[in-house]
Amino acid sequence: MDDKQASIGTVARVVRILQVFSEASDDVSIKELSAITSLAPSTCHRLLHLLIEDDVVAFDADRKRYHAGPEFIRIASLLASKTSFSDIALPFMERVVEVCREACAVVSYLRPRKLISTVGILKSSNPLQYNTELFTARTPLWGATGQSIVAFLPRAEQEELYDARDSDFYFGTQTRLPPREEYLAKMETIKEQGYAKSHGQTIDGAVGIGAPLYDKFGRVTGSLCVTVPEMRFDADAHDRIIGILIPQAQALSKVLGYLGTPAKS
């Protein structure tokens, strides 16, 4: 192995170690780090001490455990302050559009207000497209964009959302909510299948499919959605969308800090 290959190998190992610290819920020992990264304990020890020199990693001598250092936290905070939710979601939206050839949107759940807002959209090359308003807060009760969030909320929060509705109809349309228990049963079905699908609930003549996004606390924080004109929607389109949308929503959730443990309902 030449010096260049060795350098690349070292960088890859350091990146893997930093990933562990960014995802860990507690301090990490050499043994734990070695098991997670599949690196020898001696390699972990050597790389950790290089990182300690620049305050990227810190060492608790009493507990013999390591955690993210002040410089790592400073860098992460600077990056986070410059990066929006839609910026983070963009690469995942691009993969969805590339595969299913339909528009993809990322929706944020405004938890304190119990509303949702589309914060990013990526259109496809298809000539027939829908205009989606960005940053407009609306109820999550209708459509796949909202129901892919509601279905994965705790039952009490679902009931609160339903009971606090301003209207039984969607923004003056003829789309009407089903009775309370029927609606909640539908949310349970959506939760079991892992995604929501709607026909013409928020956009006339459109099919929406949405999958939930989770944050580092295991809470639903939004959804990743595809909108398709009914004329282009069939069984093949459905399978193609589901096949890319759900994995990309899961991958985006991981980037948002989700470790695979949903908050208790």
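In the block above lies the structure referred to throughout.
Everything quoted here is computed from the prediction, not taken from an experiment.

Student: Explain helix H7 (residues 155-163) residue by residue, including any values.
Tutor: Given 3.6 residues per helical turn, the α-helix brings residues three or four places apart onto the same face. Every buried residue of H7 is accounted for by Glu157, Gln158, Leu161 and Tyr162. Projection of H7 onto a plane perpendicular to its axis shows the buried side chains occupying an angular sector of 135°, all on one side. Residues of H7 that are buried in the fold lie against strand S3 (103-110), helix H6 (143-150) and helix H8 (180-193).

Student: Report on the packing of H7 against H8, specifying residues and quantitative values.
Tutor: Packing of H7 against H8 brings their axes to within 11 Å, and their N-to-C directions diverge by 135°. Judged on the interaxial angle alone, H8 and H7 are oblique. Regarding H7 and H8, the two cross each other, and that crossing is right-handed. Of H8, the residues touching H7 (which contributes Arg155, Gln158, Glu159, Tyr162 and Asp163) are Arg180, Glu181, Tyr183, Leu184 and Met187. Residues belonging to the contact of H7 with H8 are distributed by class as follows: 4 nonpolar, 1 polar and 5 charged.

Student: Describe the nonpolar core, listing the residues and the values that go with them.
Tutor: Judged by nonpolar contacts, the single largest core of 27 residues is most densely connected at Val96, Val106, Leu224, Ile241 and Leu245. Looking at this core, the elements with two or more residues in it are helix H5 (85-100), S3, strand S6 (206-214), strand S7 (220-229) and helix H9 (235-255). When residues of this core are assigned to their parent elements, the largest contribution, 8 residues, is made by H9. Each residue touching Val96, except ones within four places of it in the same chain, is listed here: Arg101, Cys104, Leu224, Val226, Ile244, Leu245 and Gln248. If you look at the next biggest cluster of nonpolar residues, it comprises 24 residues, including Leu141, Val150, Met187 and Cys225.

Student: Give me the lowdown on helix H2 (residues 30-37), citing residues and values where you can.
Tutor: Along H2, the residues classified as buried are Ile30, Leu33, Ser34 and Thr37. The arc that holds every buried residue of H2, seen down its axis, measures 100°, which confines them to one face. Projecting away from the buried face of H2 at angles above 90 degrees are the exposed residues Lys31 and Ala35. Backbone geometry just after H2 places Ser38 at a positive phi near 65°.

Student: Before we move on, can you summarise the pattern of salt bridges with the specific residues and values?
Tutor: As enumerated under the stated definition, the model contains 13 salt bridges in all. With a closest N to O distance of 3.8 Å, Arg63 and Asp60 form a salt bridge. A salt bridge links Asp168 to Arg176, with the shortest nitrogen-to-oxygen separation between them at 3.9 Å. For Arg176, a relative accessible area of 54% puts it in the exposed group.

Student: Report on the environment of Tyr162, specifying residues and quantitative values.
Tutor: Among the structural elements, Tyr162 can be located in helix H7. Residue Tyr162 is classed as buried on the basis of its relative accessible area, which comes to 4%. When the C-alpha atoms of Tyr162 and Gln19 are compared, they prove to be 39 Å apart, with 143 residues separating the residues in sequence. Ignoring anything within four residues of it in the chain, the contact list for Tyr162 reads Leu141, Leu177, Pro178, Pro179, Arg180 and Tyr183.

Student: How would you explain the sheet that holds S3 if you had to name every residue and give the values?
Tutor: Sheet strands pair via backbone hydrogen bonds, and the direction of the pair is either parallel or antiparallel. The sheet built from 5 strands is open, its strands ordered S4-S3-S7-S6-S5 with antiparallel pairing. Since the sheet does not close on itself, it has two edges, and those belong to strand S4 (115-122) and strand S5 (196-199), each with one partner. Ignoring which end each strand starts from, the neighbouring axes of this sheet average 25° apart. Strand direction decides the pairing type here: S5 and S6, joined by 4 bridges, are antiparallel. Across the sheet, residue His199 finds its bridge partner in S6, namely Val207. Together, S3, S4, S6 and S7 form the strand contacts of H5, whose direction differs from that of S3 by roughly 145°.

Student: Outline the packing of aromatic side chains, listing residues and values.
Tutor: Each pair of aromatic rings is reported with the distance of its centres and the angle of its planes. Going through the model one piece at a time under the given rule, you end up with 3 aromatic pairs. Residues Tyr214 and Tyr258 carry aromatic rings whose centres are separated by 4.7 Å and whose planes lie at 20° to one another, so their mutual orientation is stacked. In this pair, Tyr214 is assigned in strand S6 and Tyr258 in the segment after H9, connecting sequence segments 44 residues apart. Cation over ring: Arg95 sits above Phe92, and NZ or CZ is 5.2 Å from the ring centre.

Calculation notes
Residues numbered from 1 in each chain as written. Predicted model: local features only at pLDDT ≥ 70, side-chain atom pairs only at ≥ 80, totals over all residues. Heavy atoms only, no water. Buried < 20%, exposed > 50% of the residue type's maximum accessible area, 1.4 Å probe, protein only. Helix = DSSP H or I, 4+ residues; strand = E, 2+ residues; numbered from the N terminus. Arc of directions from axis to C-beta. Contact = heavy atoms within 4.5 Å. Axes fitted to C-alpha atoms, helices over the stretch in contact; angles between N-to-C directions. Parallel < 35°, antiparallel > 145°, perpendicular 65-115°, else oblique. Left-handed = near helix turned anticlockwise from the far one by under 90°. Nonpolar A, V, L, I, M, F, W, Y, C, P; charged D, E, K, R; others polar. Core = buried A, V, L, I, M, F, W, Y, C linked by side-chain atoms within 4.5 Å. Salt bridge = Lys/Arg side-chain N within 4 Å of Asp/Glu carboxyl O. Pairing = 2+ DSSP bridges. Phe/Tyr/Trp six-rings, centres within 6.5 Å; stacked < 30°, edge-to-face > 60°. Lys NZ or Arg CZ within 6 Å of the ring centre and 35° of its normal.

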